[in-house]
Amino acid sequence: MRIIAWIGGLVVGATVVSATVVTTATLHTGNSNRPAAASDVQPSGVGFGPSLPTGLFPQTPTAAPTIPAKSPRPSSPSSAPVPPRPAPPSIVVGSAQQALINQDRARYHLAPLTWNSCLYNVARYEAAHLAAPGVAFQHYDGVNRDLACHLGRQVGENIGWWSGGINDAQLNTMFMNSPEHRSNILGPYRYAGTAWAVRSDGRAFIAVEFG
């Protein structure tokens, strides 16, 4: 099922595939500029799959320090020793967009998503593909690649672009203002991977993969 809706100055689309629970959403805003010419970006291999342009990625995300588990309170001398509870899994944050997603989820009392390198590779590939010359802005096979990460049967993808370059706060606000994108951000996922790719004309494309 494909849903297309006009909201203000942006176009939102969502696709649900019933074979597995897959949700995707697209978002774009800003001025409609010309597609980058073939000479704008030099091709070479990126991620996995077909050759993609280089020079699109602003940085390689580095995982932030993991959130330490709380230490059990020391028992008083008069009480019997209590065995410590197993520490919960650490949450790894690998991008500003993921950190904003976790803030959104916390407001709704949902567990944070931890960084996943396989989903990051998918996001990196999808963002670079969208930023390549002559490529239409739409979902491609990101969710199928997400399923190949073997993180569960439910996966999702949000994509968007901003004509003024990378702007995590702006895109997160726009995602949360769109029901289809928000449903992915607040969905029953455990992992996330995000990536930006910047075209030579300054337009930045983001892919957010959920698993």
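Residues numbered from 1 in each chain as written. Predicted model: local features only at pLDDT ≥ 70, side-chain atom pairs only at ≥ 80, totals over all residues. Heavy atoms only, no water.

## Observations concerning the state of the cysteines
Step number 1: Across all of its chains, the model carries one disulfide by this definition.
Step number 2: Disulfide pairing is shown between Cys118 and Cys149; the S-S distance is 2.0 Å. Here the disulfide of Cys118 and Cys149 is left-handed, its torsion about the S-S bond being about -85°. One end of the pair, Cys118, is in helix H2 (residues 117–131); the other, Cys149, is in the loop between helix H3 (142–147) and strand E7 (154–162), with 31 residues separating them in the sequence.
Step number 3: In this structure Cys118 comes out as partly exposed when scored by relative accessible area, which is 30%.
Step number 4: Overall, the relative accessible area of 11% leaves Cys149 in the buried class. (Disulfide = S-S within 2.5 Å. Helix = DSSP H or I, 4+ residues; strand = E, 2+ residues; numbered from the N terminus. Buried < 20%, exposed > 50% of the residue type's maximum accessible area, 1.4 Å probe, protein only.)

## Some details on the pairing of strand E8 (residues 191–198)
Step number 1: The buried count for E8 comes to six of eight residues, which makes it a mostly enclosed element.
Step number 2: Sheet topology places strand E6 (residues 114–115) next to E8; two bridges connect them, and they run parallel. Note that in E8 the partner of Trp115 across the bridge is Ala192.
Step number 3: Connecting E8 to the next strand, strand E9 (residues 204–210), in antiparallel fashion are five residues, including Gly202 with a positive phi near 95°. (Pairing = 2+ DSSP bridges.)

## Some details on the side chain of Thr194
Step number 1: Inspection of the secondary structure assignment puts Thr194 in strand E8.
Step number 2: The contact partners of Thr194, leaving out residues within four places of it in the chain, are Ser95, Gln97, Gln98, Trp115, Tyr120, Ala123, Ala207 and Val208. (Contact = heavy atoms within 4.5 Å.)

## Examining the packing of helix H1 (residues 96–107) against helix H4 (residues 168–176)
Step number 1: Two numbers describe how H1 lies on H4: the axes approach to 10 Å, and their chain directions differ by 40°. Put simply, H1 runs oblique to H4. For the element pair H1 and H4, the recorded crossing hand is right-handed. Where H1 abuts H4, its residues Ala96, Gln97, Leu100, Ile101 and Asp104 lie against Asp168, Ala169, Leu171, Asn172, Phe175 and Met176.
Step number 2: Along the lines of polarity and charge, the residues of the contact of H1 with H4 split into seven nonpolar, two polar and two charged. (Axes fitted to C-alpha atoms, helices over the stretch in contact; angles between N-to-C directions. Parallel < 35°, antiparallel > 145°, perpendicular 65-115°, else oblique. Left-handed = near helix turned anticlockwise from the far one by under 90°. Nonpolar A, V, L, I, M, F, W, Y, C, P; charged D, E, K, R; others polar.)

## Quick word on the packing of aromatic side chains
Step number 1: Per the stated rule, a full pass over the model turns up three aromatic pairs.
Step number 2: Look at Trp115 and Tyr120: their rings are 5.5 Å apart centre to centre, the planes differ by 40°, and that puts the pair in the tilted class. Considered together, Trp115 and Tyr120 belong to a single accessibility category, that of buried residues.
Step number 3: Directly above the ring of Tyr125 sits Arg145, whose terminal nitrogen or CZ lies 4.1 Å from the centroid.
Step number 4: Its end group placed over the ring of Trp161, Arg203 keeps NZ or CZ at 3.8 Å from the ring centre. (Phe/Tyr/Trp six-rings, centres within 6.5 Å; stacked < 30°, edge-to-face > 60°. Lys NZ or Arg CZ within 6 Å of the ring centre and 35° of its normal.)

## Considering the nonpolar core
Step number 1: Of all hydrophobic cores here, the largest spans 14 residues; its most connected members are Ile101, Leu113, Phe175, Ile185, Ile206, Val208 and Phe210.
Step number 2: Elements represented by at least two residues in this core include exactly H4, E8 and E9. (Core = buried A, V, L, I, M, F, W, Y, C linked by side-chain atoms within 4.5 Å.)

## Quick notes on unusual backbone geometry
Step number 1: Even without a glycine there, the phi angle at His109 is positive, about 60°.
Step number 2: We classify His109 as exposed; its relative accessible area is 74%.
Step number 3: Of note, His150 is a non-glycine position whose phi angle comes to about 55°, a positive value.
Step number 4: With respect to the secondary-structure elements, His150 resides in the loop between H3 and E7.
Step number 5: The exposed category is assigned to His150, whose relative accessible area is 70%.

## As for the pattern of salt bridges
Step number 1: What the rule picks out here adds up to four salt bridges.
Step number 2: Between Arg107 and Asp104 there is a salt bridge, with its nearest N and O atoms 2.4 Å apart. Of this pair, Arg107 and Asp104 are both found in helix H1, three residues apart, which corresponds to roughly one turn of the helix.
Step number 3: A residue is classified by how much of its surface remains accessible, and Arg107, at 55% relative accessible area, is exposed.
Step number 4: Residue Asp104 is classed as buried on the basis of its relative accessible area, which comes to 1%.
Step number 5: The salt bridge involving Arg145 is made with Glu126; its shortest N-O contact spans 3.6 Å. (Salt bridge = Lys/Arg side-chain N within 4 Å of Asp/Glu carboxyl O.)

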